[in-house]
Amino acid sequence: MSDAYSAADRTRGWGVLAATCIIAVLPLVFRDSYWRTNLIVCALNVMLAIGLDFVVGYAGQLNLGQSAFYGIGAYVSTLLIMRLGLPFWPAFVCGVVASAVSGMALSLFAVRLRGHYLAIASLGFAVITYQVLLNWISLTQGPLGIYGIAPPPPFGLPGWQIDFTDLANLFYLVAGFALLSYVLLDQLVRSPIGGTLTAIREDEVSAASLGINARLWKVFAFAVGAAIAGGAGCFYAGFVGTLVPDAFFITESFNILAMVIVGGMGTLSGPVFGAILLTVLPEFLRGIGDLRLIVYGLALTLVVLFMPGGIAQALRLARQRLMRSSPRQPSGAKP
Amino acid sequence: MSDAPAIFRAHGLSKNFGGVRAVKDVSLVVAPATVFAIIGPNGAGKSTLLNLISGVHPPDAGTVMFDSFDVTGLPPHARVRHGLARTFQKIRLFKQLSVIDNVVAGFHARHSIPAWQYVWHGSAFRADRARCRAEATELLAFVGLSGRAQALAGALSYGEQRMLEIARALATAPRLLLIDEPAAGLNAAEVEALLERIRVLRERGMTVLVVEHNMDLVMNVADRVLVMDYGEPLFEGTPAEVQVHPGVIAAYLGAEP
Amino acid sequence: MLTVALQQGINGLVLGSLYVLVALGLTLIYGVLVQINFAHADIVTLGAFAAYFFTHALGGGYLPSIALALLVGAGLGFLINAAVFAPLRERGNELLPLIATIGVSVMLENVMLAWFGPIPYAFDSPYSDEVIRFGGMFFTVQSVLIIAVSTAAIGLLYAFMKFTFLGKALRAVAQDRETAGLMGINPNRVIMLTFVIASALAGMGGAMLGPVLVLTPFAGASVIVKAFAIVIIGGFGNVEGTIIAGLIVGLIESYTTQVLGPGLIDIVVFALLLLMLAVRPTGLIAERREENV
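Below is a short write-up of the structure. Predicted, not measured: the structure shown is a model, and the values here were computed from it.

**Quick notes on the overall build of chain A**
Scanning chain A from terminus to terminus reveals 14 helices and two strands. Taking 20 Å as the expected radius of gyration for a compact globule of 335 residues, we find that chain A reaches 21 Å, a close match to that expectation. Seen along its three principal axes, the alpha-carbon backbone of chain A occupies a region of about 70 × 50 × 45 Å. Every one of the 335 residues in chain A was classed for burial, and the buried ones make up 51%.

**Section: the overall build of chain B**
Helix and strand content of chain B: nine helices and ten strands. Taking 2.2 N^0.38 as the reference for a compact globule, 257 residues should give roughly 18 Å; the C-alpha atoms of chain B span a radius of gyration of 19 Å, in line with that estimate. Projected onto its principal axes, the C-alpha coordinates of chain B cover approximately 65 × 40 × 40 Å. Scored against the burial criterion, the 257 residues of chain B give a buried share of 42%. Across chain B, every contact between residues at least 6 apart in sequence was considered, and the portion connecting residues at least 24 apart equals 66%.

**A look at the nonpolar core**
Ranked by internal contacts, the top residues of the largest apolar core, which has 285 residues, are A:Ala43, A:Val174, A:Leu300 and B:Ala167. Ranked by residue count, the leading element in this core is helix H10 (residues 214-240) of chain A, at 17 residues. In contact with A:Leu300, not counting residues within four places along its chain, are A:Ala258, A:Ile261, A:Val262, C:Ile99, C:Ile102, C:Gly103 and C:Val106.

**Notes on the sheet that holds strand E1 (residues 8-17) of chain B**
All names here are of chain B. Across the sheet, four strands lie side by side as E2-E1-E4-E5; this open sheet has antiparallel pairing. In this open sheet, the two edge strands, each paired with only one partner strand, are strand E2 (20-30) and strand E5 (69-70). When E1 meets strand E4 (residues 61-66), the two strands line up antiparallel, connected through five bridges. Counted as the bridge partner of Phe8 is Phe66 from E4.

**Examining the interface of chain A and chain C**
With 35 residues of chain A in contact, the opposing surface of chain C contributes 34 residues. Among the secondary structure elements, those contributing two or more residues to the side of chain A that touches chain C are helix H5 (115-135), helix H11 (250-263) and helix H13 (294-306) of chain A. Sorting elements by how many residues they give to the side of chain A that touches chain C places H5(A) first, with 13 residues. Split into classes, the residues belonging to the side of chain A that touches chain C amount to 25 nonpolar, nine polar and one charged.

**Let's talk about the environment of C:Pro64**
Residues and elements named next belong to chain C. Tracing the backbone shows Pro64 in helix H3 (residues 62-88). The exposure class of Pro64 is exposed, given the 12 C-beta atoms found within 10 Å. For the pair Pro64 and Leu13, spaced 51 residues apart in sequence, the C-alpha to C-alpha distance is 24 Å.

**Quick look at the pairing of E2(B)**
Residue and element names in this part refer to chain B. Examined bridge by bridge, E1 and E2 share seven bridges and lie antiparallel to one another. Bridged to Ala10 within E2 is Leu28. Counting the residues that bridge the hairpin from E1 to E2 gives two residues, and of these Gly18 lies at a positive phi of roughly 50°.

**Focus on helix H4 (residues 88-109) of chain A**
Here H4(A) contains 22 residues, and its C-alpha end-to-end distance of 31 Å stays within 8% of the 32 Å for a straight helix at 1.5 Å per residue. All of the buried residues along H4(A) are A:Ala91, A:Phe92, A:Cys94, A:Gly95, A:Val96, A:Ala98, A:Ser99, A:Ala100, A:Ser102, A:Gly103, A:Leu106 and A:Ser107.

**A word on the sheet that holds strand E7 (residues 176-180) of chain B**
Residues and elements named next belong to chain B. Reading across from one edge, E6-E7-E8-E3-E9-E10 is the order of the six strands in this open sheet, with mixed pairing throughout. Every other strand in the sheet has two partners, leaving strand E6 (84-86) and strand E10 (232-237) as the edge strands with one partner each. Strand-to-strand twist in this sheet, taken as the mean axis angle between neighbours without regard to direction, amounts to 20°. With five bridges connecting them, strand E3 (residues 35-39) and strand E8 (residues 207-212) associate as parallel partners. Note that in E8 the partner of Ile39 across the bridge is Glu212. Across the sheet, helix H6 (residues 188-203) lies against E3, E7 and E8, angled at about 150° from E8, the strand it touches most.

**Describing the packing of helix H12 (residues 269-284) of chain A against helix H14 (residues 310-324) of chain A**
Residues and elements named next belong to chain A. Closest axis-to-axis distance for the H12/H14 pair is 7 Å, and the angle between their directions is 115°. One finds that H12 runs roughly perpendicular with respect to H14. Here H12 runs over H14; the crossing is right-handed. Across the interface between the two elements, Ser269, Gly270, Phe273 and Gly274 from H12 touch Gly310, Ile311 and Ala312 from H14. For the contact of H12 with H14, the per-class residue count stands at three nonpolar, four polar and no charged.

**Things to note about the packing of helix H2 (residues 33-58) of chain A against H12(A)**
Residues and elements named next belong to chain A. Their axes nearest at 8 Å, the elements H2 and H12 cross at an angle of 140°. Here H2 is positioned oblique relative to H12, judged by the angle of their axes. For the pair H2 and H12, the sense of crossing is right-handed. Facing H2, whose interface residues are Asn38, Val41, Cys42, Asn45, Val46, Ala49, Ile50 and Asp53, H12 presents Pro271, Val272, Gly274, Ala275, Ile276, Thr279, Val280 and Glu283. Residue composition of the contact of H2 with H12, by class: ten nonpolar, four polar and two charged.

**Regarding helix H10 (residues 239-256) of chain C**
Taking 1.5 Å per residue, 18 residues should reach 26 Å; H10(C) reaches 26 Å between its end C-alpha atoms and fits that length. Those residues of H10(C) not exposed but buried are C:Val239, C:Gly241, C:Thr242, C:Ile243, C:Ala245, C:Gly246, C:Leu247, C:Val249, C:Gly250, C:Glu253 and C:Ser254.

**Some points on the environment of A:Gly176**
Residue and element names in this part refer to chain A. You can see Gly176 is positioned in helix H7 (residues 167-189). According to the C-beta neighbour criterion, Gly176 is partly exposed, with 14 such atoms within 10 Å. Put simply, Gly176 and Leu157 are 19 residues apart on the chain and 20 Å apart in space, counted from C-alpha to C-alpha.

Rules used throughout
Throughout, a residue's number is its position along its own chain's written sequence, starting from 1. Each chain is given a letter, starting from A, and each ligand a number, starting from 1, according to the order in which they appear as written. The predicted nature of this model means local features are confined to residues of pLDDT at least 70 and side-chain atom pairs, given and counted, to a pLDDT of 80 or more, with totals for whole chains, interfaces and linings taken over all residues. Here a strand is any run of E in DSSP of at least two residues, a helix any run of H or I of at least four, and the numbering for each starts at the N terminus. Every radius of gyration here is taken over C-alpha atoms, with the globule rule written as 2.2 Å times N^0.38, N being the number of residues. Exposure is read from a count of other C-beta atoms within 10 Å of each residue's own; the residue is exposed at 12 or fewer, buried at 20 or more and partly exposed in between. C-beta atoms are placed from the backbone. We call two residues in contact when their backbone-placed C-beta atoms lie within 7 Å. We call a set of buried Ala, Val, Leu, Ile, Met, Phe, Trp, Tyr and Cys residues a nonpolar core when their C-beta atoms link them within 7 Å. Think of it this way: DSSP has to see at least two bridges between two strands before they count as a pair. Residues are grouped as follows: Ala, Val, Leu, Ile, Met, Phe, Trp, Tyr, Cys and Pro are nonpolar; Asp, Glu, Lys and Arg are charged; every other residue, Gly included, is polar. How far a helix is expected to stretch is found by multiplying one less than its residue total by 1.5 Å. Comment: axis = line fitted to C-alpha atoms, over the contacting stretch for helices; angle = value between 0 and 180 degrees taken between N-to-C directions. Convention used here: angles under 35 degrees read as roughly parallel, angles over 145 as roughly antiparallel, angles from 65 to 115 as roughly perpendicular, and any remaining angle as oblique. Note on convention: near helix rotated counterclockwise from far helix by under a right angle means a left-handed crossing. Clockwise means right-handed.

Right, here's the structure in full:
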């Protein structure tokens, strides 16, 4: 039994190492700023998607408010930097905390709601947040937006510094945080907390009969998912340099959900692929003009209809088919 | 048996559902390491009573005492820490999880892992994981599901699912186990295996509260029986007393073929 | 003073009746399927665009354009049910259809963005300019038209549900699909009929909302959030509740629009929705049922 666990642990260790190598190499392969920009967007979307998967795929809560947490992180950190002169990293922490607290608030509020009602409540939260960002002009400058946001300050010792105006370095930073978020979530999921969340997802009543305080753990899941989105928001502001409420319209929530579902809900690695695919695919379709944004909706609909487990399910099926066609497969194989 | 302190007392429990009186003024006292059965025809309020005891519904009136603790106001998940576990009339397994993961889910309240080790899986984490795995395997052996540990819970037969639900409830290390209509849908051999398990649990010191519709099964294993009808207690006594009580026969046995 | 209040009240009823048209569709679908069609918003938008192009590009009459929008809505409802809800019915997962309709909605919105662009279209109804004076108050013929058409549609629907066989079949399927099937009612046909009616209402509502709203591909989205609020306040699946709630929301909007802007109205309505969800998720009128496990 313990062999199975250490084998799984080792596979994951190799996976993290491989991911680190890929991240290190990517900016060397893609040297133009157009593609480096896309890489950073990919990394941001990966963070948003895995954060949402923790809530939707593991805890089973259909949260349509991820765009709100993204925006709260971005605006809180930016306003603290530009209005109060806070340095970047303390502002980053504040942004993450603000998003986490918002996530907890939404979850506490919606704690008795199931399924459709929760979806609508979270959507309502996203709409209200967007309208507040849009209309509280004295605070956020509304649709005019906030300009001239600086990227994170240079890091390191005088004489040898990592400058984040260089897109490659910014990518390393964001992708590094994305990888860190992934590892954090993966560790949580493979601990008893993962089983607890899954129990809540499958059947809250019987989960309660096992001593699981569903309310507490749902709030926890929301807080973690929102915190990661908030962190992504802080990086987004410094990356784009401009902050407008429209970046956090409710369609953003739908797009992130699409990344989770297309990648494979409840697998954590699936949404990584989903995020990368749905970020990159529209770029390859630039030939068909504005119609390319249709990939989000089309992919989501087709996946739900024909392969609800997403890319993760497709990979699993492919692997099973490969193993079945292998001639060296013994007949009574142990699972 | 009556000298031993009661592990569980319910007093004056009542519950209305939108005008329908599901349970009215039910009281019971359960001694430790005994099997207490609640029987009655369909609609007698047995399952509602179980829901009141386990905390799924708050009672309109009455109290529930576990040892000396008043647990009446506690939500279901809080009662587990007092040693209460239950199964459900309609099987509520985690169908997408494997058989063994269902049982492991029951260890939720019993992990001894420092908070930071949930993120960084240190030695305490690994020790706890091994312990849970070993205990879960034992429980599966106890209910006769040893070979099925990796199967999906949804793939089990009905009888196997019932036993899995019991194993999962036992994983919480309860002192009082509530079983809701366990024999429904089981064949004769499965029922006998179930009764045998209940006897073994009693020998090991566990208290079992069984709600059952079928009287014959219960007569072979219960120490005391409460008969309910139309939400009210009709009679409480030993199985022998219940079998000859005229009121019970009129209300219930008379309908049996 | 009273005249102003009364005028705003009537404007609120006009607006509210349009919201009712849109919300009724949602509540009917939920009643029969226990599902939410997220693409409902886009049916409203497409109805508005269909009416717009019929009147402005093809020079058709306004009233016929409403009929056209109705048909467009009906057709879309048919397609969405056939392509998305019917195939997913056997799966049993209660949230997959909702997610699929989110996908459809995003798709439709991006298609509309590509075809129509993000710049708002000025949908002028010929009736918006003609004014009737009555007791010191001004009404556009458009408002009268809206009230007339909406009332007729809602009234017909109500009569249909209460008095015709099909209407009763619809209510039967909503209450207990299996038993209705056993009684000889084909639930799939009834569900399809429900979808067609619901979406036709939405299309019609879109045609009449076109002159009132900012007509972009996201026009429906701005209405749908209020429609959700209405359906939740009135109670999912509860027709009478939806009608009352819709009119109330219209009134609220009319009375507060002078004080707050349109964006803040959304906040007010949504705050009300969240309040409703916290306090009484089953709606104002529906009864609370406890579930025995």
